[in-house]
Amino acid sequence: MAHAPQTPTIIRPAVPADADELEKIYYFANLDAALKSDLSLPKMKQLVKMLDAGALGDFRDISPSFIDRSDRALFVAVTPDNTPYGMAAVMQLDEDRAELQRVAVDPLRQGGGTAKKLMIHCIDHVLDRWNARFLELWTRDHMQAAVGFYQKIGFVETDHSKEGTYLDLNPMHFRLTLDARLALS
(Lines give C-alpha, C1' and ligand atoms only; values in the text may rest on other atoms or scores of the structure.)
Protein backbone atom coordinates (compact mmCIF):
# COMPACT_ATOMS: atom_id res chain seq x y z
CA MET A 1 0.00 0.00 0.00
CA ALA A 2 1.29 3.43 -0.93
CA HIS A 3 1.42 5.93 1.89
CA ALA A 4 0.42 9.54 1.54
CA PRO A 5 3.09 12.17 1.79
CA GLN A 6 3.10 13.90 5.17
CA THR A 7 1.25 17.08 4.28
CA PRO A 8 -1.46 18.60 6.42
CA THR A 9 -4.94 17.27 5.67
CA ILE A 10 -7.41 20.06 5.06
CA ILE A 11 -11.09 19.09 5.11
CA ARG A 12 -13.63 21.45 3.59
CA PRO A 13 -17.15 21.27 2.11
CA ALA A 14 -17.28 20.35 -1.55
CA VAL A 15 -17.98 23.00 -4.16
CA PRO A 16 -19.26 22.53 -7.73
CA ALA A 17 -15.75 23.06 -9.15
CA ASP A 18 -14.65 19.85 -7.37
CA ALA A 19 -16.98 17.61 -9.42
CA ASP A 20 -14.57 16.36 -12.10
CA GLU A 21 -11.77 15.60 -9.65
CA LEU A 22 -14.12 13.84 -7.21
CA GLU A 23 -15.54 11.72 -10.01
CA LYS A 24 -12.02 10.53 -10.89
CA ILE A 25 -11.07 9.86 -7.27
CA TYR A 26 -14.21 7.82 -6.62
CA TYR A 27 -13.90 5.85 -9.85
CA PHE A 28 -10.23 4.97 -9.44
CA ALA A 29 -10.47 4.21 -5.71
CA ASN A 30 -13.23 1.68 -6.46
CA LEU A 31 -11.33 0.14 -9.37
CA ASP A 32 -8.15 -0.05 -7.28
CA ALA A 33 -9.99 -1.92 -4.52
CA ALA A 34 -11.50 -4.31 -7.06
CA LEU A 35 -8.13 -5.04 -8.64
CA LYS A 36 -6.56 -5.69 -5.22
CA SER A 37 -9.32 -8.18 -4.43
CA ASP A 38 -8.87 -9.96 -7.75
CA LEU A 39 -12.49 -9.74 -8.91
CA SER A 40 -13.44 -12.01 -11.77
CA LEU A 41 -13.83 -10.35 -15.16
CA PRO A 42 -17.67 -10.56 -15.06
CA LYS A 43 -17.72 -8.93 -11.62
CA MET A 44 -15.24 -6.28 -12.73
CA LYS A 45 -17.46 -5.47 -15.71
CA GLN A 46 -20.45 -5.26 -13.39
CA LEU A 47 -18.58 -2.88 -11.07
CA VAL A 48 -17.63 -0.60 -13.97
CA LYS A 49 -21.25 -0.66 -15.15
CA MET A 50 -22.43 0.26 -11.65
CA LEU A 51 -19.91 3.12 -11.36
CA ASP A 52 -20.80 4.46 -14.80
CA ALA A 53 -24.55 4.22 -14.21
CA GLY A 54 -25.28 5.63 -10.81
CA ALA A 55 -22.42 6.60 -8.59
CA LEU A 56 -20.84 8.99 -11.01
CA GLY A 57 -24.11 10.78 -11.76
CA ASP A 58 -23.90 12.35 -8.31
CA PHE A 59 -20.65 14.06 -9.25
CA ARG A 60 -21.71 15.13 -12.72
CA ASP A 61 -24.42 17.28 -11.13
CA ILE A 62 -22.92 17.75 -7.68
CA SER A 63 -24.97 20.71 -6.46
CA PRO A 64 -28.41 19.08 -6.29
CA SER A 65 -26.88 15.85 -5.05
CA PHE A 66 -24.81 17.19 -2.16
CA ILE A 67 -24.37 20.97 -1.96
CA ASP A 68 -26.67 23.48 -0.25
CA ARG A 69 -28.91 20.79 1.19
CA SER A 70 -29.93 20.53 4.82
CA ASP A 71 -30.08 16.71 4.67
CA ARG A 72 -26.70 16.00 2.99
CA ALA A 73 -23.10 17.11 3.07
CA LEU A 74 -20.03 16.23 1.02
CA PHE A 75 -16.58 16.91 2.43
CA VAL A 76 -13.30 16.81 0.56
CA ALA A 77 -9.72 16.39 1.70
CA VAL A 78 -7.53 18.81 -0.19
CA THR A 79 -3.83 19.56 -0.49
CA PRO A 80 -2.53 22.97 0.61
CA ASP A 81 -3.01 24.15 -3.00
CA ASN A 82 -6.72 23.09 -2.78
CA THR A 83 -6.51 19.98 -4.98
CA PRO A 84 -9.05 17.33 -3.84
CA TYR A 85 -7.69 13.86 -3.09
CA GLY A 86 -10.34 12.35 -0.82
CA MET A 87 -14.03 12.62 0.01
CA ALA A 88 -16.84 11.43 2.23
CA ALA A 89 -20.53 12.30 2.23
CA VAL A 90 -23.29 11.95 4.81
CA MET A 91 -27.03 11.96 4.35
CA GLN A 92 -29.71 12.21 7.02
CA LEU A 93 -32.07 9.21 6.81
CA ASP A 94 -34.39 10.05 9.72
CA GLU A 95 -34.07 11.60 13.18
CA ASP A 96 -32.00 8.68 14.52
CA ARG A 97 -29.97 7.64 11.49
CA ALA A 98 -27.58 9.07 8.95
CA GLU A 99 -25.78 7.30 6.13
CA LEU A 100 -22.12 7.55 5.16
CA GLN A 101 -21.63 7.59 1.39
CA ARG A 102 -19.01 8.08 -1.31
CA VAL A 103 -15.96 7.51 0.90
CA ALA A 104 -12.87 7.46 -1.30
CA VAL A 105 -9.23 8.49 -1.18
CA ASP A 106 -6.96 8.68 -4.21
CA PRO A 107 -5.19 5.29 -4.30
CA LEU A 108 -1.79 7.02 -4.49
CA ARG A 109 -2.49 8.86 -1.20
CA GLN A 110 -4.08 6.07 0.84
CA GLY A 111 -2.57 5.02 4.14
CA GLY A 112 -1.91 8.48 5.55
CA GLY A 113 -4.95 8.84 7.81
CA THR A 114 -7.11 10.83 5.39
CA ALA A 115 -10.08 8.44 5.58
CA LYS A 116 -10.02 8.61 9.38
CA LYS A 117 -9.95 12.42 9.32
CA LEU A 118 -12.85 12.48 6.87
CA MET A 119 -14.74 10.03 9.07
CA ILE A 120 -14.25 12.19 12.17
CA HIS A 121 -15.42 15.23 10.22
CA CYS A 122 -18.55 13.41 9.00
CA ILE A 123 -19.39 12.08 12.46
CA ASP A 124 -19.00 15.53 13.98
CA HIS A 125 -21.29 16.94 11.27
CA VAL A 126 -23.93 14.24 11.87
CA LEU A 127 -23.88 14.82 15.63
CA ASP A 128 -23.79 18.62 15.46
CA ARG A 129 -26.39 19.08 12.71
CA TRP A 130 -28.74 16.12 13.04
CA ASN A 131 -28.01 14.63 16.47
CA ALA A 132 -28.40 11.15 14.99
CA ARG A 133 -27.69 8.08 17.12
CA PHE A 134 -26.50 5.82 14.31
CA LEU A 135 -24.32 6.14 11.24
CA GLU A 136 -24.93 3.50 8.59
CA LEU A 137 -23.23 2.60 5.33
CA TRP A 138 -23.34 0.18 2.44
CA THR A 139 -20.20 -1.25 0.87
CA ARG A 140 -19.21 -4.32 -1.14
CA ASP A 141 -17.30 -7.32 0.16
CA HIS A 142 -14.51 -6.80 -2.42
CA MET A 143 -13.73 -3.49 -0.68
CA GLN A 144 -11.63 -5.44 1.83
CA ALA A 145 -9.54 -2.53 3.12
CA ALA A 146 -12.66 -0.40 3.60
CA VAL A 147 -14.50 -3.22 5.41
CA GLY A 148 -11.52 -3.66 7.75
CA PHE A 149 -11.31 0.10 8.33
CA TYR A 150 -15.01 0.37 9.16
CA GLN A 151 -14.84 -2.60 11.53
CA LYS A 152 -11.73 -1.22 13.24
CA ILE A 153 -13.52 2.01 14.12
CA GLY A 154 -16.61 0.24 15.44
CA PHE A 155 -19.00 -0.37 12.56
CA VAL A 156 -20.85 -3.68 12.89
CA GLU A 157 -22.19 -5.59 9.90
CA THR A 158 -25.98 -5.87 10.06
CA ASP A 159 -26.93 -7.30 6.66
CA HIS A 160 -25.64 -9.00 3.56
CA SER A 161 -28.25 -7.85 1.06
CA LYS A 162 -30.08 -10.31 -1.10
CA GLU A 163 -32.16 -7.70 -2.94
CA GLY A 164 -31.47 -4.89 -5.36
CA THR A 165 -29.19 -4.29 -8.31
CA TYR A 166 -25.65 -5.65 -8.68
CA LEU A 167 -26.12 -8.48 -6.18
CA ASP A 168 -23.11 -10.34 -7.55
CA LEU A 169 -21.00 -7.57 -5.98
CA ASN A 170 -22.25 -8.63 -2.53
CA PRO A 171 -23.58 -5.48 -0.84
CA MET A 172 -22.94 -5.28 2.92
CA HIS A 173 -24.65 -2.99 5.45
CA PHE A 174 -22.84 -1.65 8.54
CA ARG A 175 -23.95 0.46 11.51
CA LEU A 176 -21.99 2.52 14.02
CA THR A 177 -23.52 3.66 17.30
CA LEU A 178 -22.36 7.25 17.45
CA ASP A 179 -21.42 7.28 21.09
CA ALA A 180 -18.56 5.02 19.93
CA ARG A 181 -16.93 7.96 18.11
CA LEU A 182 -14.46 8.40 20.97
CA ALA A 183 -12.46 5.51 19.50
CA LEU A 184 -11.69 7.72 16.50
CA SER A 185 -10.16 10.60 18.41
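Residues numbered from 1 in each chain as written. Predicted model: local features only at pLDDT ≥ 70, side-chain atom pairs only at ≥ 80, totals over all residues. Heavy atoms only, no water.

Participant: How do you make sense of the layout of surface pockets when you look at a structure like this?
Facilitator: Any space left empty among the atoms is revealed by the rolling of a water-sized probe across them. Within this model, the second largest pocket holds a volume of roughly 220 Å³. Along its surface, the second largest pocket is lined by 14 residues, and P13, R72, A73, H125 and R129 are the ones closest to its centre. Breaking the lining of the second largest pocket down by element, the ones donating at least two residues are β2 (72-78) and α5 (114-130). A per-element tally of the lining of the second largest pocket places β2 first, with four residues. Of the residues belonging to the lining of the second largest pocket, the class tally is eight nonpolar, two polar and four charged. (1 Å grid on protein atoms, 1.4 Å probe; cavity = no way out; pocket = protein on both sides within 12 Å on 5 of 7 lines; lining within 4 Å. Points joined across faces, edges and corners; volume = space filled by probe spheres on them. Helix = DSSP H or I, 4+ residues; strand = E, 2+ residues; numbered from the N terminus. Nonpolar A, V, L, I, M, F, W, Y, C, P; charged D, E, K, R; others polar.)

Participant: Just checking my understanding: could you explain helix α1 (residues 19-36) for this structure?
Facilitator: Within an α-helix, residues lying three or four positions from one another point in the same direction, as the helix has 3.6 residues per turn. Relative to the 26 Å expected for 18 residues at 1.5 Å per residue, α1 spans 26 Å between its end C-alpha atoms, a close match to the ideal helical length. Inspection of α1 places A19, L22, E23, I25, Y26, Y27, A29, N30, L31, A33 and A34 among the buried residues, and these make up the whole buried set. At the C-terminal side of α1, D38 shows a positive phi close to 60°. (Expected span 1.5 Å × (residues − 1). Buried < 20%, exposed > 50% of the residue type's maximum accessible area, 1.4 Å probe, protein only.)

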